[in-house]
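# Residue-level structural notes
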Amino acid sequence: MSDPQHSADAGEKSIPMTREVLEQDLIRRHFEQAYPDVELVSEAALAQSIRHILETMPSEAHETDGVYLFAYGSLIWNPCVEVAERHTCRLYGYHRDFCLKLEHGRGTPDYPGLMLALAPGGSSQGVALRVPARDLERELLLVWRREMLTGAYRPRWVRLVSDAGPLWSVAFVVNPQGERYIGRQSDETVIELLSTGRGVLGSCREYLDNTVGDLAALGIRDKRLESLQRAVHARA
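Cut-offs and rules
- Residues numbered from 1 in each chain as written.
- Predicted model: local features only at pLDDT ≥ 70, side-chain atom pairs only at ≥ 80, totals over all residues.
- Heavy atoms only, no water.
- Helix = DSSP H or I, 4+ residues; strand = E, 2+ residues; numbered from the N terminus.
- Rg over C-alpha atoms; globule rule 2.2 N^0.38 Å.
- Buried < 20%, exposed > 50% of the residue type's maximum accessible area, 1.4 Å probe, protein only.
- Contact = heavy atoms within 4.5 Å.
- Areas by Shrake-Rupley, 256 points an atom, 1.4 Å probe, with all protein chains shown as cover.
- Lys, Arg positive; Asp, Glu negative; His and termini not counted.
- Charge placed at Lys NZ, Arg CZ, Asp CG, Glu CD.
- Pairing = 2+ DSSP bridges.
- Axes fitted to C-alpha atoms, helices over the stretch in contact; angles between N-to-C directions.
- Parallel < 35°, antiparallel > 145°, perpendicular 65-115°, else oblique.
- Left-handed = near helix turned anticlockwise from the far one by under 90°.
- Phe/Tyr/Trp six-rings, centres within 6.5 Å; stacked < 30°, edge-to-face > 60°.

Quick look at the overall build of the chain now. For the chain, the count of helices and strands is 8 helices and 9 strands. Compactness check: the chain gives a C-alpha radius of gyration of 17 Å against a globular reference of 18 Å for 236 residues, within 12% of the reference. If you line up the chain on its principal axes, its C-alpha atoms span 50 × 40 × 35 Å. A burial count over the chain gives 51% of its 236 residues as buried. Within the chain, residue pairs in contact and separated by at least 24 positions form 73% of the contacts whose partners lie at least 6 positions apart. Within the structure as shown, the chain displays about 11,000 Å² of accessible surface, and the carbon and sulfur contribution to it stands at 46%. The averaged location of the 33 negative side-chain charges in the chain is 4 Å from the averaged location of its 27 positive side-chain charges.

Pasting the structure below:
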């Protein structure tokens, strides 16, 4: 991890979400040192989850050179893995929602934050990222270390409607039994936590700004996220 900066708000050194950090498994090491009571998914369990996803790949997805990932948040603007191809797309049956409360990562016990997840119902526009077949399991391990470390998400195969036609993709949907899942919250609560939440991985406001900005750059409008962004900036 190169030249970490101290965060005055979180009282911790910041960890940039980079490929190097994921390769060295530094997020796990940080959790083990700073939050030893937080249960983490083992490296062996992550590898088993990846194998299960690949073994249960829909037959149509075998034609893909690699695996598509459905990006709806930070994977859009900071995937940290090799991406061979991108397509704008829509996923039916799930929508973005700030329904994960964070006291680690982009939050602390003193400054809790919120993270997006895919919750059942509606639809969501995003980006299909093709991770090429070369070193596929190694690349997916970096994604799993990022998305699956605390068990907040569940990986599953989903069918996307994209600018290149239908695509089968892996999406990380919310784990409703996870400790961080808090369900749909009022706008007032969401705005408060997005405004103040910050931690070792950065602030929730930064996360919101990057997500809205990159979606807009792709011609994707998420009216609720845009409304929350305006409210968060007005509050600041």
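On to the environment of Ser14. Mapped onto the fold, Ser14 is located in the loop between β2 (12–13) and α1 (19–23). Residue class for Ser14 comes out partly exposed when judged on its relative accessible area of 22%. Expressed as a C-alpha distance, the spacing of Ser14 and Val232, which sit 218 residues apart in the sequence, is 22 Å.

A few words now on the pairing of strand β5 (residues 113–131). For β5, the tally of buried residues reaches 14 of 19 residues, placing the bulk of the element in the interior. By the bridge criterion, 5 bridges tie strand β3 (residues 67–71) to β5 in an arrangement that is antiparallel. Each residue of the ladder has a partner; that of Val67, found in β5, is Val131.

For the pair helix α6 (residues 187–196) and helix α8 (residues 223–235), interaxial distance at closest approach is 9 Å and the crossing angle is 60°. Taken as axis vectors, α6 and α8 run oblique relative to one another. Pair α6 / α8 crosses with right-handed handedness. Packed against α6, whose contacting residues are Asp187, Val190, Ile191, Glu192, Leu194, Ser195 and Thr196, the element α8 presents Arg224, Leu228, Ala231, Val232 and Arg235 at the interface.

One pass over the full model with this rule turns up 5 aromatic pairs. Judged by centre distance (6.3 Å) and plane angle (75°), the ring pair of Phe98 and Tyr207 falls under edge-to-face. Of this pair, Phe98 sits in strand β4 (residues 85–102) while Tyr207 sits in helix α7 (residues 204–217), and the two are 109 residues apart along the sequence. You can call Tyr207 buried: its relative accessible area is 3%. Between Trp144 and Phe172, the ring centres sit 5.1 Å apart and the planes meet at 75°, which makes this aromatic pair edge-to-face. Placement of Trp144 in helix α5 (residues 136–147) and of Phe172 in strand β7 (residues 165–174) is noted, with a sequence separation of 28 residues between them. With respect to class, Trp144 is no different from Phe172; both count as buried. An aromatic cluster of at least three residues, connected via ring pairs, comprises Trp77, Phe98 and Tyr207.

Just geometry here; none of it tells us what the structure is for.
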